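Residue strings, one per chain:
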Amino acid sequence: MSLFITFEGGEGGGKSVQAKALYRKLSKMDVPVLLTHEPGGTPFGRRIGRWLKWAQDTDISPLTELMLFNASRAQLVAEVIKPALKSGRVVISDRYADSTTVYQGYGRGLDLAMVKAVNKAATQGLTPDLTVLLDAPVEVCFARKGTEKRDRFEQEAVAFHNKVREGYLKLASEEPQRWLVVDASQSKAKIAEIIWQRVSRLLASQGG
Ligand SMILES: Nc1ncnc2c1ncn2[C@@H]1O[C@H](COP(=O)(O)OP(=O)(O)O)[C@@H](O)[C@H]1O
Ligand SMILES: [Mg+2]
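Basis of the calculations
Residues numbered from 1 in each chain as written. Chains lettered and ligands numbered in written order. Predicted model: local features only at pLDDT ≥ 70, side-chain atom pairs only at ≥ 80, totals over all residues. Heavy atoms only, no water. Pairing = 2+ DSSP bridges. Helix = DSSP H or I, 4+ residues; strand = E, 2+ residues; numbered from the N terminus. Axes fitted to C-alpha atoms, helices over the stretch in contact; angles between N-to-C directions. Contact = heavy atoms within 4.5 Å. Parallel < 35°, antiparallel > 145°, perpendicular 65-115°, else oblique. Left-handed = near helix turned anticlockwise from the far one by under 90°. Patch = residues over 30% accessible without salt bridge, like charges linked within 9 Å, V, L, I, M, F, W, Y side chains within 5 Å. Areas by Shrake-Rupley, 256 points an atom, 1.4 Å probe, with all protein chains shown as cover. Salt bridge = Lys/Arg side-chain N within 4 Å of Asp/Glu carboxyl O. Lys, Arg positive; Asp, Glu negative; His and termini not counted. Charge placed at Lys NZ, Arg CZ, Asp CG, Glu CD. Expected span 1.5 Å × (residues − 1). Near = heavy atom within 4 Å. Polar contact = N/O pair within 3.5 Å; in protein donor to acceptor, adjacent residues only side chain to side chain. Nonpolar A, V, L, I, M, F, W, Y, C, P; charged D, E, K, R; others polar.

K.L.:
I tried to follow the sheet that holds strand 2 (residues 33-37) on my own but got confused; where do I start?
P.N.:
Strand pairs in the sheet, formed through backbone hydrogen bonds, run parallel or antiparallel to each other. Within the open sheet, the 5 strands sit side by side as 2-3-1-4-5. Their pairing is parallel. On the outer flanks of this sheet lie strand 2 and strand 5 (179-183), each paired with one strand and no other. If you compare each strand with its neighbour and ignore which way they point, the axes differ by 20° on average. Sheet topology note: the strand 1 (residues 3-8)/strand 4 (residues 130-135) ladder contains 4 bridges and is parallel. Counterpart to Ile-5 in the pairing with strand 4 is Leu-130. On top of the sheet, helix 1 (residues 15-28) reaches strand 1, strand 2, strand 3 (90-94) and strand 4; it is set at about 165° to strand 3, its chief contact.

K.L.:
Please clarify how the packing of helix 1 against helix 8 (residues 188-205) should be interpreted in this entry.
P.N.:
When two helices pack together, their arrangement is given by the angle between their axes and by how far apart the axes lie. Following both chains from N to C, one finds helix 1 and helix 8 inclined at 50°, their axes separated by 10 Å at the closest point. Considered as vectors, helix 1 and helix 8 are oriented oblique to each other. Read as a crossing pair, helix 1 and helix 8 show a hand that is right-handed. Here helix 1 contributes Val-17, Gln-18, Leu-22, Lys-25 and Leu-26 to the contact with helix 8, which in turn contributes Lys-188, Ile-191, Ala-192, Ile-195, Trp-196, Val-199 and Leu-203.

K.L.:
Help me understand a positive patch on the surface in this model?
P.N.:
A cluster of basic residues, Lys-20, Arg-24, Lys-25 and Lys-28, forms a positive patch on the protein surface. Relative to the helices and strands, Lys-25 is located in helix 1.

K.L.:
What is the right way to read helix 7 (residues 158-174) from this model?
P.N.:
Owing to its 3.6 residues per turn, the α-helix brings residues three or four apart onto one side. With 17 residues, helix 7 extends 24 Å between its outermost C-alpha atoms, agreeing within 8% with the 24 Å of an ideal straight helix rising 1.5 Å per residue. For helix 7, the secondary structure elements touched by its buried residues are strand 1, helix 4 (97-107), helix 5 (112-123), strand 4, helix 6 (138-145) and strand 5.

K.L.:
Teacher, can you tell me more about the site of ligand 1 here?
P.N.:
Around ligand 1, 15 residues are found, and the nearest of them are Gly-12, Lys-15, Ser-16, Val-17 and Gln-186. With respect to ligand 1, the side chain of Lys-145 contributes an N or O atom lying 3.2 Å from an oxygen atom. Between an oxygen atom of ligand 1 and a side-chain N or O atom of Lys-188, the distance comes to 2.9 Å. Notes on ligand 1: free accessible area 560 Å², of which the protein chains cover 74%. For the shell around ligand 1, the secondary-structure elements that each account for two or more residues are helix 1, helix 6 and helix 8. Tallying contributions element by element places helix 1 first for the shell around ligand 1, with 3 residues. Its residues assigned to classes, the shell around ligand 1 shows 3 nonpolar, 7 polar and 5 charged.

Encoded structure:
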């Protein structure tokens, strides 16, 4: 068995909450599972992620963002995700390549074909079996974030976040078999239940 599941969506949609809930559920069932996240997930990736999110008083061009997210991703795929899948684990990632297609492509306006080509190089072509999109209006998601300090992306204008939301919905509509679009304004428990329905079916179909 090997299953690669990613969580996507804008800030505050509940990706981290749901990724952890799924991880705990599978762990309790003694399913071998690994939880990781982007940017980060490796010591090198964490350093890059810190620059990308918190760099101050300096410009990071969209193209540089594309390359840095993919540098972190290339390391994560090679060092963590591929070996875990090879050893038969379920791998859950809180964000993955679709985040770059959406934030640097739809959000920053980089050429989509180029973004996808760079993503493909960094991931060695590894695509998720299932991608959960936690979708809700930007205002709903932002209201949840509270007063935490906002990183470079969270500080972007509402227009940027709306482009991100539209980008995700477009990707999901282009590949409906891979994406599970969930209304993220529902309760945490309800969302977890919807995700579990799909994941348990995938596990059963793999004989797990
Ligand atoms: N379905 C939900 N309903 C209400 N609040 C939620 C829900 N899901 C997550 N939250 C809360 O919203 C905040 C952001 O959730 P988080 O999982 O960190 O979002 P993300 O990782 O997508 O940015 C947290 O305080 C979390 O407890
Ligand atoms: Mg999160």
